[in-house]
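The lines below spell out each chain.
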Amino acid sequence: MKQEDVRILVVDDVNSMRVQIKDMLRKAGFKNVHSVSTTQEAKRQLEIEKFDLVMSDWRIEPTDGLDLLKYIRIHPEQNKLTFIMVTAEDAKDLVIQAIKAGVDDYVVKPVSPVQIQAKVIEVLTKKGLI
Amino acid sequence: MAGSIEEFVDELGGFAETAERTLSAIEKDQDGAKGMFSVFSDRMFAIKGTARQLGLPHVARIAELAEEIAVKGTHAGTRAVVRKCTGCLWDALTTIKVLLVNRDKETTEEQEILVNRMKKTLDALGGGRERVSTDDIAALLKNR
């Protein structure tokens, strides 16, 4: 798959974060980026559209990023979906919870355009998607 | 950067307003509204993450300490602890609001005093949660 064809869903309740992450991804060559502000919208979006990667914050409404990750991992059709947590949450016990729940990578804010590009390419390459 | 910095900072100001309403509610009902510390903590978390991303480290540092103190407030066993938390969080919130308006100014001595006071308060309440670095996370992911 070409980088520009990778479909990415960004989930963050903070508008400025959504705008910045989308902007960084687009500048990095990922043209197919969609964003939502709640886990509910994310779940709905995942039912109607196929994505290759979800990049989610931890603390979002009405549940949280960990709940979204667990939802995806037990979903019969989406359980292999690549998931990167992009968050300011760096408490050790919570990072471990995300890893146990099957997160593919975990990025602590602030994120730079170079870092985000490198992480996404690394994870997608590892999964054989690009 | 898409979007203007003013627009993003306005959003942070909105989070601070929510936090202020929450803190007022806790003060009015120190027993019943204690659970609302989690709302305050969530807003501070949002401010911390966004401020880090926007390159406002002074705001992020105070928000992080406020987040941790609010987490402690959620588990406060006595009114004295609730009052200790709210007193410190009011100062933090006021400073964050001032810093958002005057974000280009240098760190002042008052801010340093506040940060030290917050650290002492947090230590007195048992300390913050254990944090991990990017390298720690990489190691945890590798050894899963």
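Definitions and cut-offs
Residues numbered from 1 in each chain as written. Chains lettered and ligands numbered in written order. Predicted model: local features only at pLDDT ≥ 70, side-chain atom pairs only at ≥ 80, totals over all residues. Heavy atoms only, no water. Pairing = 2+ DSSP bridges. Helix = DSSP H or I, 4+ residues; strand = E, 2+ residues; numbered from the N terminus. Axes fitted to C-alpha atoms, helices over the stretch in contact; angles between N-to-C directions. Contact = heavy atoms within 4.5 Å. Disulfide = S-S within 2.5 Å. Buried < 20%, exposed > 50% of the residue type's maximum accessible area, 1.4 Å probe, protein only. Phe/Tyr/Trp six-rings, centres within 6.5 Å; stacked < 30°, edge-to-face > 60°. Lys NZ or Arg CZ within 6 Å of the ring centre and 35° of its normal.

Would you explain the sheet that holds strand 4 (residues 82-87) of chain A in this entry?
What links the strands of a sheet is backbone hydrogen bonding, and the strands pair in either a parallel or an antiparallel sense. Residue and element names in this part refer to chain A. The strand order 2-1-3-4-5 describes an open sheet built from five strands, whose pairing is parallel. One side of each edge strand has no neighbouring strand; the edge strands of this open sheet are strand 2 (32-36) and strand 5 (105-108). Between one strand and the next, the sheet's axes are offset by a mean angle of 20°, whatever the strand orientation. As defined by bridge partners, strand 1 (residues 7-11) adjoins strand 2 across five bridges and the pair is classed as parallel. Within the sheet, the bridge partner assigned to Val11 lies in strand 2 and is Val36. Contacting strand 1, strand 3 (53-56) and strand 4, helix 3 (residues 65-74) crosses the sheet at an angle of about 175° to strand 4.

Is there a simple way to explain the state of the cysteines in this structure?
What we call a disulfide is simply a covalent bond connecting the sulfur atoms of a pair of cysteines. Residues and elements named next belong to chain B. Under the defined criterion, the tally for this structure stands at zero disulfides over all chains. With no disulfide of its own, Cys88 has Cys85 as its nearest cysteine by sulfur position, at a separation of 7.9 Å. Judged by relative accessible area, Cys88 falls into the buried class, the value being 0%.

Would you mind showing me how to read the packing of aromatic side chains here?
Aromatic rings in a pair are described by how distant their centres are and how their planes are angled relative to each other. Considering all chains together, one arrives at one aromatic pair over all chains under this definition. One residue, Arg59(A), lies across the ring of Phe45(B), its end atom 4.3 Å from the ring centre. The ring of Phe15(B) has Arg43(B) lying over it, and the distance from NZ or CZ to the ring centre is 4.7 Å.

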